[in-house]
Amino acid sequence: GRISVSGDVFVPPGVTLRVEPGTEVVFRADSQWNCMRECRIWKGWPRALEGKCRLLIAGRLLAEGTQSAPITFGGADWAGIHFVTDSWGSSMIHALVGRTLCAAVTLRDSAQATLKYSRLSDCESGVAVLGRGASALLEDCRVERCRGRGLSSAGGTLSARRVAVSDCGAIGVFADEAELELSDCVLSGLPVGLCQN
């Protein structure tokens, strides 16, 4: 059904959060509980996003929808989904993520996640992989109408297969000292398609 979230959601190490097909998760913009004060999992949180609702995964997220019953993560100006510390084995299938103030999905530290048949739209950016141990695999996904970058990796590993990135405001795919694999991808309607340092 429809789940309304009014504070941060933190999934600790060793715990799995399973979201059933057809679920709509709606985050409020302003969080009534800030887990960063309690959990101390990462210190580099941007000040502009303080007090915004977010989903932080230090354990595992299984958000596996179907074509006829996708899973939706959204809200009004929330702070997105963040995989942190040693999070691994997470998967998002037939998931829709939208309207975030930062990346729809961020992977930090040594986090790993797979996204398949998913759509990330109307966010600051689609997927951000940050850190040498972090890695993301995207297959058959769409990233559209992001204000900044569609996909980006700084030091991590980003693999995209059959991914369409369109109508983003700055750069379609950005990689800086990262491992990048693009296979059968489409980049369209972008000022810069690919920037690799």
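This one's a predicted model, so the numbers in the text were calculated from it and none came from an experiment.

A.B. asks: Describe the pairing of strand β15 (residues 135-139), and please don't skip the residues or the numbers.
C.D. replies: Of all the five residues making up β15, four are buried; the element is thus mostly covered by neighbouring parts of the structure. Here β15 pairs with strand β18 (residues 157-161) via five bridges, running parallel. Within the sheet, the bridge partner assigned to A136 lies in β18 and is L158.

A.B. asks: Quick one: what's the story with unusual backbone geometry, residue by residue and with numbers?
C.D. replies: Unusually for a residue other than glycine, R99 sits at a positive phi of about 60°. Its relative accessible area of 48% is what places R99 among the partly exposed residues. One non-glycine residue with positive phi stands out, namely D167, at about 55°. Tracing the chain through its elements places D167 in the loop between β19 (164-166) and β20 (171-176).

A.B. asks: Give a description of the sheet that holds strand β11 (residues 103-108) that names residues and reports values.
C.D. replies: Strand order in the open sheet made by the eight strands is β2-β5-β8-β11-β14-β17-β20-β23, with parallel pairing throughout. Edge positions in the sheet fall to β2 (9-11) and β23 (192-196), since each has one partner strand and no second. Within this sheet the neighbouring strands show an average axis-to-axis angle of 5°, counted without direction. Bridge analysis of strand β5 (residues 55-57) against strand β8 (residues 81-83) gives three bridges, and the strand direction is parallel. Across the sheet, residue L55 finds its bridge partner in β8, namely I81.

A.B. asks: Before we move on, could you go through the pattern of salt bridges and cite the residues and values that matter?
C.D. replies: Taken as a whole and assessed by the stated rule, the structure comprises 13 salt bridges. Linking E144 and R142 is a salt bridge whose minimum nitrogen-to-oxygen distance equals 2.7 Å. By relative accessible area, E144 is classed as buried at 6%. Among the residues examined, R142 registers a relative accessible area of 44% and is labelled partly exposed. In this structure, E144 and R145 form a salt bridge, with 3.7 Å as the shortest nitrogen-oxygen distance. If you follow the salt bridges from partner to partner, you end up with R119, D122, R142, E144 and R145 in one network.

Thresholds, definitions, all that
- Residues numbered from 1 in each chain as written.
- Predicted model: local features only at pLDDT ≥ 70, side-chain atom pairs only at ≥ 80, totals over all residues.
- Heavy atoms only, no water.
- Buried < 20%, exposed > 50% of the residue type's maximum accessible area, 1.4 Å probe, protein only.
- Helix = DSSP H or I, 4+ residues; strand = E, 2+ residues; numbered from the N terminus.
- Pairing = 2+ DSSP bridges.
- Axes fitted to C-alpha atoms, helices over the stretch in contact; angles between N-to-C directions.
- Salt bridge = Lys/Arg side-chain N within 4 Å of Asp/Glu carboxyl O.

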